[in-house]
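Observations on the three-dimensional arrangement
Listed below, chain by chain, are the residues.
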Amino acid sequence: MSGFSKEFKKGIVISNPVFVLALSLCPVLAVTDTLDKALGMSGAFALVIIASNLIISLMRKMIPDVVRIPVFVIIIATFVSIVEMLFQAYIPAIYSALGIYLSLLAVNCLILGRAEAFASRNKVSDSLADALGMSVGFCLALILISFFRELLGKGGITVFGNELFTLPVLAENPISVFGMSMGAFLVMGLLIAFFKQIGVIKDV
Amino acid sequence: MAKIKNDNSNKTEEKLIISSAPHLRSKWSVKRTMYLVILALMLPTAAGIYFFGFNAIFVILTSVIAAVATEYLVKLLRKKPFVMDGSAVITGLLLALTLPPTIPLWMAAIGSVFAIAIAKEAFGGLGHNIFNPALAGRAFLQLSFPAQMSVWIAPSGFAPDAVTSASPLSDAFEKIGSNPEIYRELLIGNINGSLGETSALLLLAGGILLIILRVIDWRTPVAFIGATALLSLVLGQDAVYQVLSGGLMIGAFFMATDYVTTPMTRTGKIVFGIGAGILTVTIRLYGGYPEGVCFAILLMNAATPLIERYTQPRPYGLGKK
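Within each chain, residue numbers correspond to sequence positions counted from 1 in written order. Note on labels: chains are lettered from A, ligands numbered from 1, in written order. Only residues with pLDDT of 70 or above have their local features reported here, since the model is predicted, and side-chain atom pairs are shown and tallied only from 80 upward, although totals for entire chains, interfaces and linings are computed over all residues. The side-chain quantities take in all heavy atoms of the structure and omit both hydrogens and water.

A separate point is the overall build of chain B. Across its full length, chain B carries 12 helices and 4 strands. Burial classes follow relative accessibility: with a 1.4 Å probe on protein chains only, a residue under 20% of its type's maximum area counts as buried, one over 50% as exposed, and anything between as partly exposed. The buried share of chain B, reckoned over its 321 residues, is 49%. In chain B, of all internal contacts separated by at least 6 residues, the share reaching a separation of at least 24 is 73%. Per-residue and other accessible areas were derived by the Shrake-Rupley procedure at a 1.4 Å probe size, with only the shown protein chains allowed to occlude residues. For chain B, the accessible area works out to roughly 16200 Å², and carbon and sulfur atoms hold 66% of it. Secondary structure elements are taken from DSSP: a helix is a run of H or I of four residues or more, a strand is a run of E of two residues or more, and numbering for both begins at the N terminus. The criterion used for residue contact is that any of the two residues' heavy atoms lie within 4.5 Å.

Right, let's talk about the overall build of chain A for a bit. Counting its regular elements, chain A contains 9 helices and 2 strands. If you list the helices and strands of chain A from N to C, you get α-α-α-α-α-α-α-α-β-β-α. Each radius of gyration is computed over the set of C-alpha atoms, and the globule rule expresses the reference value as 2.2 Å times the number of residues to the power 0.38. Here the C-alpha atoms of chain A give a radius of gyration of 18 Å, agreeing with the 17 Å that 2.2 N^0.38 yields for 204 residues. Taken over the C-alpha atoms alone, chain A extends approximately 60 × 45 × 30 Å along its principal axes. Here chain A, with 204 residues, has 44% of them falling under the buried criterion.

What follows covers the nonpolar core. The biggest cluster of nonpolar side chains holds 111 residues, and the ones touching the most others in it are V18, F19 and L105 of chain A together with F254 of chain B. Take this core: its biggest share by element is 15 residues, from helix α1 (residues 30-77) of chain B. Ignoring sequence-local partners within four residues, the contact set of F19 of chain A consists of A141, L144, I145, M188, L191, I192, F195 and I201 of chain A. What we call a nonpolar core is a set of buried Ala, Val, Leu, Ile, Met, Phe, Trp, Tyr and Cys residues that are connected through their side-chain atoms within 4.5 Å. The next biggest cluster of nonpolar side chains, apart from the first, holds 7 residues, and it includes I63, I75, A115 and A119 of chain A.

A residue's pLDDT is simply how confident the predictor is in it, with values from 0 to 100. Across chain A, the average pLDDT comes to 87, with 98% of residues at or above 70. The secondary-structure element of chain A with the lowest mean pLDDT is strand β2 (residues 162-166) of chain A, recorded at 76, while helix α4 (residues 68-90) of chain A shows the highest, at 93.

A word on the packing of α1 of chain B against helix α7 (residues 200-212) of chain B. All names here are of chain B. Contact geometry of α1 with α7 gives a least axis separation of 8 Å together with a crossing angle of 170°. If you check the angle between α1 and α7, you find them roughly antiparallel. Of the residues in α7, those in contact with L36, V37, A40, L43, P44 and A47 of α1 are L202, L203, A205, G206, L209 and L210. The residue inventory of the contact of α1 with α7, partitioned by class, reads 11 nonpolar, 1 polar and no charged. Comment: axis = line fitted to C-alpha atoms, over the contacting stretch for helices; angle = value between 0 and 180 degrees taken between N-to-C directions. Angle categories: roughly parallel below 35 degrees, roughly antiparallel above 145, roughly perpendicular from 65 to 115, and oblique for all the rest. The nonpolar class holds Ala, Val, Leu, Ile, Met, Phe, Trp, Tyr, Cys and Pro. Asp, Glu, Lys and Arg form the charged class, and all remaining residues, Gly among them, are polar.

This part takes up the interface of chain B and chain A. On the chain A side, the residues contacting the 13 residues of chain B number 13 residues. Where chain B abuts chain A, roughly 900 Å² becomes buried across the two surfaces, and 72% of that area is made up of carbon and sulfur atoms. Buried area: the accessible area, evaluated with a 1.4 Å probe, that two parts lose upon being put together, summed over both parts. For chain B, the biggest contributors to the area lost against chain A are W106, F140 and L143 of chain B; these three give 44% of the whole. Each polar contact in these results corresponds to two N or O atoms within 3.5 Å; when the atoms are within protein, one needs to be able to donate a hydrogen and the other to accept it, and residues that are neighboring in sequence are counted only if both atoms are side-chain atoms. At the boundary of chain B and chain A, one finds 4 residue pairs in polar contact (both at pLDDT 80 or more). Elements supplying a minimum of two residues to the side of chain B that touches chain A: α3 (105-120) and α4 (133-144) of chain B. Of the residues assigned to the side of chain B that touches chain A, the class counts are 10 nonpolar, 2 polar and 1 charged.

Next up on the list: the side chain of N129 of chain B. Residues and elements named next belong to chain B. Among the secondary structure elements, N129 is positioned in the loop between α3 and α4. A polar contact of 3.3 Å, which involves the side chain of N129, links it to the backbone oxygen of F131. With near-sequence residues (within four places) excluded, N129 lies in contact with A119, K120, F123, V260 and T261.

To continue, consider the state of the cysteines. Between two cysteines, a covalent bond joining their sulfur atoms is known as a disulfide. Residue and element names in this part refer to chain A. In this description, the term disulfide denotes a pair of cysteine sulfurs within 2.5 Å. For the structure on display, the rule yields 0 disulfides over all chains. The closest cysteine sulfur to the non-disulfide-bonded C109 is located on C26, 8.7 Å from its own sulfur. By relative accessible area, C109 is classed as partly exposed at 39%.

Salt bridges are defined as contacts in which a side-chain nitrogen from Lys or Arg sits within 4 Å of a carboxyl oxygen from Asp or Glu. Evaluated as defined, the whole model comprises 12 salt bridges over all chains. Across the pair K10 of chain A and E7 of chain A runs a salt bridge whose closest N-O atoms are separated by 2.6 Å. Of the two residues, K10 of chain A and E7 of chain A both sit in helix α1 (residues 2-10), 3 residues apart, roughly one turn of that helix. Grouping residues by exposure puts K10 of chain A and E7 of chain A together as buried. Where R78 of chain B meets E121 of chain B, a salt bridge forms, and the shortest distance between an N and an O atom there is 2.7 Å. Here R78 of chain B, found in the loop between α1 and α2 (87-97), pairs with E121 of chain B, found in the loop between α3 and α4; they are 43 residues apart in sequence, far enough to count as distant. Under the relative-accessibility criterion, R78 of chain B is labelled partly exposed at 29%.

As for its position among the elements, M180 of chain A is in the loop between β2 and α9 (181-197). In this structure the C-alpha to C-alpha distance between M180 of chain A and G153 of chain A, which are 27 residues apart in sequence, comes to 8.4 Å. If we skip the residues at most four places from it in the chain, M180 of chain A touches R149 of chain A together with L143 of chain B.

Residues and elements named next belong to chain A. Relative to β2, strand β1 (residues 156-159) runs antiparallel, the two sharing 4 bridges. Each bridged residue has a counterpart across the sheet, and for G156 the counterpart in β2 is T166. The turn joining β1 and β2, which pair antiparallel and follow one another in sequence, is formed by 2 residues; a positive phi near 50° is taken by F160. Here, strands pair whenever DSSP counts at least two bridges between them.

The next subject is unusual backbone geometry. A positive phi angle, close to 60°, is found at S24 of chain A, a residue other than glycine. Along the polypeptide, S24 of chain A turns up in the loop between α1 and α2 (25-31). Even without being glycine, K79 of chain B reaches a positive phi, approximately 55°. Looking at the element boundaries, K79 of chain B is found in the loop between α1 and α2.

What follows deals with a nonpolar patch on the surface. All names here are of chain B. Together, L187, I188, L201, L204, I208 and I212 give the surface a local cluster of nonpolar side chains, amounting to about 500 Å² of exposed area. Where the nonpolar patch is concerned, the elements lending two or more residues are α6 (180-188) and α7. Broken down by element, the nonpolar patch gets its largest block of residues, 4 residues, from α7. Mapped onto the elements, I212 comes out in helix α7. Residue classification places I212 among the exposed residues on the basis of a relative accessible area of 64%. Two joining distances apply to patches: 9 Å for like charges and 5 Å for nonpolar side chains (Val, Leu, Ile, Met, Phe, Trp, Tyr), and every residue must have over 30% relative accessible area and no salt bridge.

So this is what it looks like as structure tokens:
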């Protein structure tokens, strides 16, 4: 299964959806102010992209070429609705914190992009590997960004109500810029710069 | 003809470089300009230390040291030579002068680090930055620590006790406006406010010194202050009060005249000044912050490439389009 692992691995580093492809930045920048929201978004994203990549890859020979985008959107939106209802039923706190961004996954450029560029052209096992790899890469990126934003913008890390640790001075005077959208750009830019500096991300 | 140091050999060699005319030589250099600006800034700095005592000294030292240290570290990371040209000192000093004297020292240091590492070096260093680094650092602190950034103490020199009160700009204008007493205090600087923004007279002196030495152009500050006064007058405000209070003087003379982030053309300088003046009054009167100079100059920094594009002088002999 070398093809499977190759398709899986590429999403994590070589074409990391956030740091390299720079796709789907709207949810990335909007929901990464706390670790909780980033984890919730990563979970929703993974469920939607895995399911939709699978279905689209299965149906790739049946979908007429001219209407493929509307069909992809319908398939993706179906799974987004399912995930939304699941979140609302089981983790309502995260559901309300994520707000509009959960529904916006239906028109997420990364999910649609993988459907169009990969799942509709490749066999089911490769599409599944691609979706899994993209999910892991997306999740890691969100965790990294939200970790630094919560640490600096709130002065400590709290995961699902459990306070993991707090910084001594920053807890009273958090650098609130990091909680704002400006902080999201700042942290993401600095992380990309760091990865380029140590050679993880190569210039294209 | 220029002299170049050859770093590869131990012995310093001088190489001759042949280039085309004109071979102009000038006593001006980046270093000389920067140190003249620092010299002029010493006047408001002295006033800040006189009025706010040890607080002022500590904030200024922290801010300047943090700025220079950040510059050194970033140059090291970027594998670029570190030049002590004084630009980092100016950034740190200007930032300190716009901060409240009571700000915790680590916050001043964070402001300096942001100003140098993000606003200046991330864009490519001196000459490449889009926004004035000191103002970007101040805006970062303003957004991050709104509480600590709006604590204003009455000047008490080196006396140990300080009284906290509202900034003159955030007080109701009706209460204190149009009072000759307050004009005198604003001119001298014996009033609560940011470290180096209080003494309008000394800032004016420093600014005029730089204009006479031809370090800065008179157009920007005149347009900036003129537009602020005129618009305040039109909107029924006390124009003298609006001009003398807040960060307008330091902004107009020392920040809106930055070579890198403001237009080069003469018309552009006037457009920049007027735009910054209009934005300042708008933010002061209708915005969420009592002071608008910082954001006004930053916004005009963003508009600078556009201003330059439309104010390019036409070379002699070329016809109209």
